[in-house]
Amino acid sequence: MEKRHLGRTGLRVSRLGLGTMTWGRDTGEHEAAEQLKEFVDAGGNLVDTADVYADGGAEYLLSRLTESLIPRSELVIATKAGSVPESDRRFDTSRGHLLTALDASLRRLGTDYVDLWQVHAFDPGTPAEETLHALDLAVTSGRARYVGVSNYSGWQLAKAAGWQRADAARVPLASTQMEYSLLQRGIEREVLPAALDAGVGVLASSPLGRGVLTGKYRHAVPQDSRGASPYLSGFVQPYLDDGSRRIVDAVATAADGLASSPLAVALAWVRDRPGVASALVGARTVTQLQAALSVEALTLPDEIRSALDDISAPIHRYPDQEWSEL
């Protein structure tokens, strides 16, 4: 599998990454082991997790597999911190909380360092400089090799990236993790231009539109799907509207013309967008993961890519980049 530099850094990551959001909950140890082995055998190295996935269970499960199945040195492990299970506050990116969360992640992961440590989301209740100082401390203490952010808007990313690069003693941001697919192109308004300008690599999460772009929901909600899961049904539901259905139909038509699958077409589109360092795929079974990994053999023809661009194009209103409507 092709490797790409993560932003303007020397870290090279596989252009497909393995997501672990369902590990420790919907995906058990046996299935996770099969997935990780298949992923590494295909040349993948980037594994993305977070301290809140399965309440830490995903990190712990990954540690068991790095002990018994795949050497730690073969993986680029990325995790996130900042989400909190509090009714009055969704995120806490204070220096104290972040560094405590990082230490807890390292214990669960069974490692001395993570390759990439990310702030899970912007916290308006904490000064940005305090949050970013925690990232500096993580790297200077050896607990993280590179740092990034996740779910930051365009101005938030530009401010954070600019602050870090303003002083040579600070650690530049390597990445921003954002949802990006043919069903969700919102980052193209401001986040993607900010990332390209700052030299920050994009990690595209949910590149299959939360599974909807595979076509599995075209006629009904399969009982064994995320859409039927008590934990994830609300995650899928926003992409089951008429607008999404038109895009899914177009992807299916393109797949038929290419003798490929809707999954491969949708994933190839995201993988090769400007600024994307890696597209993160999460699978419930190894068969699903194998289908995603098969996209390495597919490059979309220009005319197919243009047609998909047109049917899924987001509306850019003033003052978005290249706005066309008031």
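Calculation criteria
Residues numbered from 1 in each chain as written. Predicted model: local features only at pLDDT ≥ 70, side-chain atom pairs only at ≥ 80, totals over all residues. Heavy atoms only, no water. Helix = DSSP H or I, 4+ residues; strand = E, 2+ residues; numbered from the N terminus. Rg over C-alpha atoms; globule rule 2.2 N^0.38 Å. Buried < 20%, exposed > 50% of the residue type's maximum accessible area, 1.4 Å probe, protein only. Areas by Shrake-Rupley, 256 points an atom, 1.4 Å probe, with all protein chains shown as cover. Pairing = 2+ DSSP bridges. Axes fitted to C-alpha atoms, helices over the stretch in contact; angles between N-to-C directions. Parallel < 35°, antiparallel > 145°, perpendicular 65-115°, else oblique. Contact = heavy atoms within 4.5 Å. Nonpolar A, V, L, I, M, F, W, Y, C, P; charged D, E, K, R; others polar. Patch = residues over 30% accessible without salt bridge, like charges linked within 9 Å, V, L, I, M, F, W, Y side chains within 5 Å. Salt bridge = Lys/Arg side-chain N within 4 Å of Asp/Glu carboxyl O. Lys, Arg positive; Asp, Glu negative; His and termini not counted. Polar contact = N/O pair within 3.5 Å; in protein donor to acceptor, adjacent residues only side chain to side chain. Phe/Tyr/Trp six-rings, centres within 6.5 Å; stacked < 30°, edge-to-face > 60°. Lys NZ or Arg CZ within 6 Å of the ring centre and 35° of its normal. 1 Å grid on protein atoms, 1.4 Å probe; cavity = no way out; pocket = protein on both sides within 12 Å on 5 of 7 lines; lining within 4 Å. Points joined across faces, edges and corners; volume = space filled by probe spheres on them.

## Description of the overall build of the protein chain
So, point 1. A tally of regular secondary structure across the protein chain gives 11 helices and 12 strands.
So, point 2. Computed over C-alpha atoms, the radius of gyration of the protein chain comes to 19 Å, within 12% of the 20 Å expected from 2.2 N^0.38 for 326 residues, which places it in the range of a compact globule.
So, point 3. Every one of the 326 residues in the protein chain was classed for burial, and the buried ones make up 55%.
So, point 4. Carbon and sulfur atoms provide 50% of the accessible area of the protein chain, an area that totals close to 14100 Å².

## Quick notes on the pairing of strand E12 (residues 276–281)
So, point 1. Within E12, six of the six residues are buried, which leaves the element mostly enclosed by the surrounding structure.
So, point 2. Pairing of strand E3 (residues 16–19) with E12, which is carried by three bridges, proceeds in the parallel orientation. When the bridges of E12 are listed, leucine 18 appears paired with valine 281.
So, point 3. As paired elements, strand E11 (residues 201–205) and E12 share three bridges and run parallel to each other.

## Re the packing of helix H9 (residues 262–271) against helix H11 (residues 302–312)
So, point 1. The contact between H9 and H11 brings their axes to 11 Å, and the two run at 85°. Judged by the inter-axis angle, H9 sits roughly perpendicular to H11. Here Val265, Ala268 and Trp269 of H9 come into contact with H11, specifically with Arg305, Leu308 and Asp309.
So, point 2. A class-by-class count of the residues in the contact of H9 with H11 yields four nonpolar, no polar and two charged.

## Some points on a nonpolar patch on the surface
So, point 1. Nonpolar side chains collect at one region of the surface, where Tyr318, Trp323 and Leu326 lie side by side and expose about 430 Å² of accessible area between them.
So, point 2. Turning to its location among the elements, leucine 326 is positioned in the segment after H11.

## Side note on the side chain of aspartate 136
So, point 1. When you line up the elements, aspartate 136 lands in helix H4 (residues 128–140).
So, point 2. For the buried aspartate 136, no salt bridge exists, and the shortest N-O distance to an oppositely charged side chain is 5.1 Å, to arginine 170.
So, point 3. Among the polar contacts made by the side chain of aspartate 136, one reaches the side chain of glutamine 164 at a distance of 2.9 Å.
So, point 4. Looking at aspartate 136, its side chain comes within polar contact range of the main-chain nitrogen of valine 171, at 3.0 Å.
So, point 5. When neighbours within four sequence positions are excluded, aspartate 136 is seen to be in contact with Gln164, Arg170 and Val171.

## Section: the sheet that holds E12
So, point 1. What the eight strands build is a closed barrel, ordered E3-E4-E5-E8-E9-E10-E11-E12; its pairing is parallel. Along the sheet, successive strands turn relative to each other by an average axial angle of 30°, direction set aside.
So, point 2. Here helix H3 (residues 95–109) sits on the sheet and contacts strand E5 (76–81) and strand E8 (114–119); the angle it forms with E8, its principal contact strand, is near 140°.
So, point 3. Where H4 meets the sheet, it contacts E8 and strand E9 (144–150), and its direction lies at approximately 160° from that of E9.

## Quick word on the packing of aromatic side chains
So, point 1. Using the criterion set out here, one finds four aromatic pairs in the structure.
So, point 2. With a centroid separation of 5.5 Å and an interplanar angle of 90°, the aromatic rings of phenylalanine 122 and tyrosine 152 are classed as edge-to-face. Taken as a pair, phenylalanine 122 in the loop between E8 and H4 and tyrosine 152 in the loop between E9 and helix H5 (154–165) lie far apart in primary sequence, 30 residues in all.
So, point 3. Taken together, a centroid distance of 5.7 Å and an interplanar angle of 70° make the contact between phenylalanine 122 and tryptophan 155 edge-to-face. Taken as a pair, phenylalanine 122 in the loop between E8 and H4 and tryptophan 155 in helix H5 lie far apart in primary sequence, 33 residues in all.
So, point 4. When the ring centre of tyrosine 113 is taken as origin, the NZ or CZ atom of arginine 72, which lies over that ring, is 4.3 Å away.

## A look at the layout of surface pockets
So, point 1. Put simply, the second largest pocket is a space of about 490 Å³.
So, point 2. Forming the walls of the second largest pocket are 17 residues, and the residues nearest its centre are Val52, Ser83, Val84, Arg90 and His120.
So, point 3. When the residues that make up the lining of the second largest pocket are grouped by side-chain class, the tally is seven nonpolar, six polar and four charged.

## Points about the pattern of salt bridges
So, point 1. All chains considered together, the criterion is met by 25 salt bridges.
So, point 2. The closest approach of N and O atoms between aspartate 55 and arginine 25, which form a salt bridge, is 3.9 Å. You can see aspartate 55 sitting in the loop between strand E4 (46–48) and helix H2 (57–68) and its partner arginine 25 sitting in the loop between E3 and helix H1 (29–41), a full 30 residues away along the chain.
So, point 3. For aspartate 55, a relative accessible area of 67% puts it in the exposed group.
So, point 4. Salt-bridge contacts for arginine 108 lead to glutamate 59; the nearest nitrogen and oxygen are separated by 2.7 Å. A residue pair is termed long-range when its members are at least 10 positions apart, and arginine 108 in helix H3 and glutamate 59 in helix H2 qualify at 49 residues.
So, point 5. Among the residues examined, arginine 108 registers a relative accessible area of 24% and is labelled partly exposed.
So, point 6. You can call glutamate 59 buried: its relative accessible area is 0%.

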